[in-house]
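Summary of the model geometry
Now for the letters of each chain:
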There are 2 protein chains.
Amino acid sequence: MKRVYNFSAGPAVLPEAVLSEAANEMVCYKDSGMSVMEMSHRSSSFQAIIDEATADLKELLNVPDNYKILFLQGGASMQFNMVPFNLMKNKKVDLIQTGQWTKKATKEAAILGDVKILASSEDKTFSYIPDCSDLPIREDADYVYICENNTIYGTKYHELPNTKGKDLVADLSSCILSEPIDVSRYGVIFAGAQKNVGPAGVTIVIIREDLVREDLAFDVPTMLRYKTHVDAKSLFNTPPCYAIYICGKVFKKLKAEGGLAKRKEINEQKANMLYDYLDNSEMFRSTVEPGSRSLMNIPFVIGDEALEKKFIAEATARGLVNLKGHRTVGGMRASIYNAMPVEGVAALVDFMKEFEAKEKKNV
Amino acid sequence: MKRVYNFSAGPAVLPEAVLSEAANEMVCYKDSGMSVMEMSHRSSSFQAIIDEATADLKELLNVPDNYKILFLQGGASMQFNMVPFNLMKNKKVDLIQTGQWTKKATKEAAILGDVKILASSEDKTFSYIPDCSDLPIREDADYVYICENNTIYGTKYHELPNTKGKDLVADLSSCILSEPIDVSRYGVIFAGAQKNVGPAGVTIVIIREDLVREDLAFDVPTMLRYKTHVDAKSLFNTPPCYAIYICGKVFKKLKAEGGLAKRKEINEQKANMLYDYLDNSEMFRSTVEPGSRSLMNIPFVIGDEALEKKFIAEATARGLVNLKGHRTVGGMRASIYNAMPVEGVAALVDFMKEFEAKEKKNV
């Protein structure tokens, strides 16, 4: 069976080399005589795996020493609760509404306190990132919350909001490791692994030390306290060991290939191939304003539902799969995460050109 | 590299055939052209995987139609919070204290309500299961809570408590699928997969329909409501897809090998080999009272720390690994879950005999 080009928004494509390595090590990992899945999380073999993954991620993202790196369960959805549980003091959160995931975060934070929407792009189906240079941030806001890359709508902050001194909490699920970032500008970063890093079931949290609090404003379950996991170095209870192991392999590969500066270059190359075509096509168009476009998730439409359906079906037959857009945007979406090779994007653009030429003749 | 016999308490040994199959399917699953790790959780390919896993588990455990099966994240530790969040009405829990895991469950339930310890075996280092035929259960208790098999202490309920009509909630992490059970006698069953089922990172929950409540006694995060996951059939957010896929393979194998009645027979054969030797040895002895012994976790001691250390080191050199006992019990512990072959237990007993004979000569 030939591998397809998988444009899924997540879980998503992983590097074939990582999968092959994992396959080779599945029954016996190195000299352990067992699979990574069978290892005690208290064993020195697994400790080496999680330590190395942590160190590599720290190096890749240039994480300052006063930040802690955690591997947790529950996805970004669980972070929608952990963040307010742990960071609320005045029980006030200021948030920028850019799509479905900030709406879900709003709903969960609102269980515990007051959420103020500082700005929103809902007026135009979240097709842009609002101007965040001078937001009406509250004096007593506990933090400012954003989703930095919006998987569904294909938008991305190209400049972080001016938080006026408040801590920034950011959901980076669909853009983490796609380019270098300045971690010191954030209070908390979190990201479900299943888009740009590894398999579903592990969530990366990077938190500034002073935000890892002992005394919280609520009676918080032990499992939902950052301090629990910081103190236990992500081993309070059994972690998703195998998922962490795969993430570790992805980190190693990114390092070997030149780190995030190089990665950004490749990601820009890939995204520009598609955006350039979209901006020049007479059939397809991007749904996102030029200044707000994501490098990772690229929604596009024809504006003719029947033709879009035909396009998706024919693309699938060519091994270009999972191109259907989210129901709220319609049309198509190509998620081109780190692991999507340049050749995959080239194949997609070639097919789009061919489809456009063929359908024009049919008119 | 030769595979070892892995007596780890969890994560633990998995069937080699399952690992080999997973290795073969890692880069390309069937005709999907991608790894299971790369599949959208909304795809028909993954839907088939989770549907089949659910159906097979239902068949194996003979789960009645009025129970829901969930695959969640967070381990048993997260269930220590989800159970009281969802099941408390009068905010009173009656619990039987049989070790570290019921203590952790007590601590979390006590954040939300009042926990009464109905009985405890702490007086003898949790080496037995208390008599549960006539417990002082409160009239207004919300439920009765037990840990059915205690991984650390090697004890197991051979008869379920008389709950006097109250719902029974049971942590089956280290005994689920080791033998047939009568699900209808429980209100909620939960089990981390990483002992007897699959990889760490997925937790099985089986809950009676009427306990899946909309109106709860607390403001509960969406992710910690059973109703969220029942309504979404475990797909509210991205589930730990790959871990569920491996569990599914284990279920298929158990079915193919004759189901849980056959499994019980084999597990009894394995456990008896070890218990019989322990009860007749002049060097080794079981730490657990005969009527309370686990089929899965078998702690044993020599009573001489230096000799125990020597035993563990020599066993490890023979490929019999992870035999060190938990620090609270000391000595050794052999966890012999479903996937530990009869040959592994035989090899352990043979080595124990050899060690005993050799060390006696040395005296």
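The present account deals with the structure reproduced in this document. No experiment lies behind these values; they were computed from the predicted model shown. (Residues numbered from 1 in each chain as written. Chains lettered and ligands numbered in written order. Predicted model: local features only at pLDDT ≥ 70, side-chain atom pairs only at ≥ 80, totals over all residues. Heavy atoms only, no water.)

Some points on the overall build of chain A
Which entries qualify depends on this criterion: Only DSSP runs of H or I covering at least 4 residues are called helices, and only runs of E covering at least 2 are called strands; the numbering of each starts at the N terminus. Our radius of gyration looks at C-alpha atoms and nothing else; its globule reference is 2.2 Å times the residue count to the power 0.38. Accessible area is worked out with a 1.4 Å probe on protein chains only. A residue is then buried under 20% of its type maximum, exposed over 50%, and partly exposed in between. By the convention used here, residues are in contact when the closest approach between their heavy atoms is within 4.5 Å. To be clear on the numbers: accessible area is Shrake-Rupley with a 1.4 Å probe, and residue cover counts the displayed protein chains and nothing else. Positive charges are assigned to Lys and Arg, negative charges to Asp and Glu, while His and the chain termini are left out of the count. Throughout, a charge is located at the NZ atom of Lys, the CZ atom of Arg, the CG atom of Asp or the CD atom of Glu.
Each helix and strand in chain A was counted, giving nine helices and 14 strands. Against the globule reference of 21 Å for 363 residues, chain A gives a C-alpha radius of gyration of 21 Å, in line with a compact fold. Referenced to the eigenvectors of the C-alpha coordinate spread, the extents of chain A come out at roughly 70 × 60 × 30 Å. Within chain A, the fraction of its 363 residues that count as buried is 64%. In chain A, once contacts between residues fewer than 6 apart in sequence are set aside, the share between residues at least 24 apart is 68%. For chain A, the exposed area adds up to about 13600 Å²; of that, 48% sits on carbon and sulfur atoms. Computed over 45 positive and 48 negative side-chain charges, the inter-centroid distance for chain A is 2 Å.

Quick notes on the sheet that holds strand β9 (residues 188-192) of chain A
Residue and element names in this part refer to chain A. How we decide: When DSSP locates at least two bridges between a pair of strands, those strands are taken to pair. Helix axes use the C-alpha atoms of the stretch in contact, all axes being lines fitted to C-alpha atoms, and the angles between their N-to-C directions lie in the range 0 to 180 degrees.
Strand order across the open sheet formed by seven strands is β2-β10-β9-β8-β5-β3-β4, with mixed pairing between neighbours. At either margin of the open sheet sits one strand with a lone partner, and together these are β2 (67-72) and β4 (114-120). Neighbour-to-neighbour, the strand axes of the sheet open up by a mean angle of 20°, direction not taken into account. Pairing analysis gives three bridges linking strand β3 (residues 92-97) to strand β5 (residues 143-147), with the strands arranged parallel. Within β5, the position partnered with L95 by the bridge is Y145. Packing against the sheet, helix α2 (residues 44-61) makes contact with β2 and β10 (203-208), and its axis sits at approximately 130° to β2. Packed on one face of the sheet, helix α3 (residues 75-87) meets β2, β5, β8 (168-171), β9 and β10 and runs near 160° to β9.

Some words on the side chain of B:E359
All names here are of chain B. Applicable threshold: Within 3.5 Å is the distance limit for a polar contact, defined as a pair of N or O atoms, with the added protein rule that one can donate a hydrogen and the other accept it, and that residues adjacent in sequence qualify only through two side-chain atoms.
With respect to the helices, strands and loops of the structure, E359 is situated in helix α9 (residues 342-362). Polar side-chain contacts of E359 include one of 2.9 Å to the side chain of K310. Among all residues touching E359, those that are not within four sequence positions of it are M283, L307 and K310.

Quick word on unusual backbone geometry
Here the bond from A:G10 into A:P11 is cis, since omega is -15°, no more than 30 degrees from zero. In this structure, A:N62 is a non-glycine residue whose phi angle is positive, near 55°. If you trace the backbone, A:N62 turns up in the loop between α2 and β2. Even without a glycine there, the phi angle at B:K233 is positive, about 50°. Mapped onto the secondary structure, B:K233 falls in the loop between α5 (226-231) and α6 (241-256).

What to know about the interface of chain B and chain A
Inclusion rule: Buried area adds together the accessible area that both of two parts lose upon being put together, with accessible area traced by a 1.4 Å probe. Whenever a carboxyl oxygen of Asp or Glu lies within 4 Å of a side-chain nitrogen of Lys or Arg, that contact is scored as a salt bridge. Gly counts as polar in this scheme, as do all residues outside two lists: the nonpolar Ala, Val, Leu, Ile, Met, Phe, Trp, Tyr, Cys and Pro, and the charged Asp, Glu, Lys and Arg.
Taken together, the contact between chain B and chain A spans 61 residues of the former and 61 residues of the latter. Counting each side, the surface lost to burial between chain B and chain A is near 4600 Å², with a carbon and sulfur contribution of 64%. Here chain B and chain A share two salt bridges between them. One salt bridge connects A:E38 with B:R3, and the closest N-O pair in it is separated by 2.9 Å. At the junction of chain B and chain A, the tally comes to 19 residue pairs in polar contact (both at pLDDT 80 or more). Looking at the side of chain B that touches chain A, the elements with two or more residues in it are α1 (16-25), α3 (75-87), α4 (100-112) and α6 of chain B. Partitioning the side of chain B that touches chain A into residue classes produces 31 nonpolar, 20 polar and ten charged.

Quick word on the packing of helix α8 (residues 305-317) of chain B against α9(B)
All names here are of chain B. What counts here: Orientation labels follow simple angle bins: below 35 degrees gives roughly parallel, above 145 gives roughly antiparallel, 65 to 115 gives roughly perpendicular, and whatever is left gives oblique. By the definition used in this description, the sense in which the near helix is turned from the far one sets the handedness, with an anticlockwise turn below a right angle giving left-handed and a clockwise turn giving right-handed.
Their axes nearest at 11 Å, the elements α8 and α9 cross at an angle of 135°. When the axes of α8 and α9 are compared, the pair comes out oblique. In the crossing of α8 with α9, the sense of the turn from one axis to the other is right-handed. The residues of α9 that touch α8, namely those facing L307, K310, F311, E314 and A315, are L348, F351, M352, F355, K358, E359 and N362.

Topic: the relation of the copies chain B and chain A
This is how the line gets drawn: All copies are superposed by least squares; the fitting set is the C-alpha atoms of residues with a pLDDT of at least 70 in both.
Of the transformation superimposing chain B on chain A, the axial component is 0.0 Å and the angular component is 180°, with the fit at an RMSD of 0.0 Å. Given the turn and translation reported, the copies of this chain are related as if by a two-fold rotation axis. Across chain B, the rotation axis passes nearest the C-alpha of B:A23, at a separation of 2.2 Å.

What about the pattern of salt bridges?
All names here are of chain A. For the coordinates displayed, the defined rule picks out 66 salt bridges over all chains. Note that E179 is salt-bridged to K156, the shortest N-O span being 2.7 Å. Linking E179 in the loop between β8 and β9 with K156 in strand β7 (residues 155-156), this pair joins segments that are 23 residues apart in sequence. Pair check on accessibility: E179 and K156 agree, each one buried. Several salt bridges share partner residues, and in doing so they unite E52, D56, E59, K252 and K255 into one network.

Any functional reading would require information beyond the geometric quantities listed.
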